[in-house]
Amino acid sequence: MSTIAFLGLGQMGSPMASNLLRKGHSLRVFDLNQQAVNALVEKGAVAATTPANATLDTEFIITMLPNGDIVRDVLFGEAGVCETLSANALVIDMSTIHPLQTDALMSEMAEKGHAMMDAPVGRTSDNAKDGTLLILAGGTSEQVERARPILMCMGSELVEAGGPGMGIRVKLINNYMSIALNALSAEAAVLCESLGLDLNVAINVMSGTAAGKGHFTTTWPGKVLKGDLSPAFMVDLALKDLRIAVDVARQTGAPLGMGEVAETYYRSASHDGRGRQDWSALLSQVRHLAGRPDSL
C-alpha cells in the first residue's frame, strides 16, 4: 500500500480520501477546515500542518482544490508541496480548474524536475462517497498506469484522456455541454407549460430522439463525422422549425434565449450555402466560424 498526501477535504475530497483509507492506504491530510481534517483523522489519517508537511516522504500527492490559484499556492507557495516533494513522487491534480492553468502548472513542475498529471472526476458527491467516480486521467501513459491503482480506489471507471492536460479538457467540455443543456432543457420545459403540453409527454417523446439522447451519439456519427452531409433533415428545415419555436415563445411569454442564439448559427449556415445540407452540418459551420477546416 502507498503513502499518500491528500490536500483538499471539501465535499468531494473528504469522501475520496475516506475511500483511500478504506482500501488500506496511509494518508496524510491537509485542509484549512480543521473539522474536515479531524473527521479523516478519526478514520486513520494523519493530520498535517502544511502541504509541505503532508508531502514529506509520500509517493503520491493528490490535490482536490477549489481553483487553480489555490492549487498553485499549495504547490509553490510558502510551506508548499515542492519544498519537500521527493524526486520520484507523483502529483495528481484532481481539481476542476482552467486547463491553461493546468498546462502552466505542469510546465513549472517539469522545470523543477517534478512529475504531475491531471485526473479530474466526473459524477457527483454521492459517487465520491461510494467510490464510483469517473476518473478522467491526463498524464503520460506511464503516469496513468502508475496512478491507476490509487485512482481506482476512488472511482469505478477510468478514461485515459490522451496525455497531459487532457483530463481537465474533457472534464471542461463535458461540464460545458451538460450545464448549457440544462438551460436549454429548462427553456423547453417552460415552453411546454406555455403551450399547455404535459411535460411527461414531452419527456417520453424526447427520451427516444436526438433531443434527449444528444447529437454526439445519434445524428453526427452517421452524417457529419463520416463526411456525409446529404440531408436526412435539412438545415433550412431546422431553421424554419426553430424560428417557429422562438416565435411561439415570444407570443406566449416563455424565455428562449438559448433558442435565439441557436438561430444565429442556423441562419449563418443557411446564409453560407448550407441550407440544403444535413442539419449535422452545423458542426462544419461552427468550425468555419472558428477558422478551422469544415471537416474533422
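Per an unreviewed UniProt entry, the protein is named 3-sulfolactaldehyde reductase, and its organism is Phytobacter ursingii. Its UniProt record gives the protein a comment under Catalytic activity (unreviewed entry), which states: "(2S)-3-sulfopropanediol + NAD(+) = (2S)-3-sulfolactaldehyde + NADH + H(+)". Word for word, the UniProt comment on the protein under Function (unreviewed entry) is "Reduces 3-sulfolactaldehyde (SLA) to 2,3-dihydroxypropane 1-sulfonate (DHPS)."

A. The arrangement of the pairing of strand E4 (residues 60–63) in detail. Across the two faces of E4 the burial is the same, with Phe60 and Ile62 and Ile61 and Thr63 all buried. Where strand E1 (residues 3–7) meets E4, four bridges bridge the pair, whose relative direction is parallel. Among the inter-strand pairings, Ala5 is bridged to a residue of E4, identified as Ile61. Pairing of E4 with strand E5 (residues 90–93) involves four bridges; the strand directions are parallel. Following the sheet pairing, Phe60 is matched in E5 by Leu90. In terms of handedness, the path from E4 via helix H4 (residues 68–76) over to E5 forms a crossover that is right-handed.

B. View of a nonpolar patch on the surface. On the surface, a nonpolar cluster with roughly 530 Å² of combined accessible area is contributed by Leu172, Ile173, Tyr176, Met177 and Phe216. One can find Leu172 in helix H8 (residues 166–194). Judged by relative accessible area, Leu172 falls into the partly exposed class, the value being 43%.

C. Broad picture of the packing of aromatic side chains. Under the counting rule described, the total for this entry stands at two aromatic pairs. With a centroid separation of 5.2 Å and 40° between ring planes, the pair formed by Phe216 and Trp220 is classed as tilted. Over the aromatic face of Phe60 sits the side chain of Arg146, whose NZ or CZ is 5.2 Å from the ring centroid.

D. Spatial organisation of the layout of surface pockets. One number sums up the size of the second largest pocket: a volume of about 260 Å³. The element that contributes the greatest number of residues to the lining of the second largest pocket is H8, accounting for eight residues. Considering only residue class, the lining of the second largest pocket consists of seven nonpolar, six polar and two charged.

E. Representation of the pairing of E5 within the structure. Burial along E5 is two-sided: the residues Leu90 and Ile92 and Val91 and Asp93 are all buried. As judged from the four bridges shared by E5 and strand E6 (residues 115–118), these two strands associate in the parallel manner. Opposite Ile92, over in E6, you have Met117 as the bridge partner. With respect to chirality, the unit in which E5 leads through helix H5 (residues 99–111) into the neighbouring parallel E6 is right-handed.

Cut-off values and rules
Residues numbered from 1 in each chain as written. Predicted model: local features only at pLDDT ≥ 70, side-chain atom pairs only at ≥ 80, totals over all residues. Heavy atoms only, no water. UniProt positions renumbered as here; feature names shortened; annotations may be inferred. Buried < 20%, exposed > 50% of the residue type's maximum accessible area, 1.4 Å probe, protein only. Helix = DSSP H or I, 4+ residues; strand = E, 2+ residues; numbered from the N terminus. Pairing = 2+ DSSP bridges. Right-handed = clockwise from strand over helix to strand, strands pointing away. Patch = residues over 30% accessible without salt bridge, like charges linked within 9 Å, V, L, I, M, F, W, Y side chains within 5 Å. Areas by Shrake-Rupley, 256 points an atom, 1.4 Å probe, with all protein chains shown as cover. Salt bridge = Lys/Arg side-chain N within 4 Å of Asp/Glu carboxyl O. Phe/Tyr/Trp six-rings, centres within 6.5 Å; stacked < 30°, edge-to-face > 60°. Lys NZ or Arg CZ within 6 Å of the ring centre and 35° of its normal. 1 Å grid on protein atoms, 1.4 Å probe; cavity = no way out; pocket = protein on both sides within 12 Å on 5 of 7 lines; lining within 4 Å. Points joined across faces, edges and corners; volume = space filled by probe spheres on them. Nonpolar A, V, L, I, M, F, W, Y, C, P; charged D, E, K, R; others polar.

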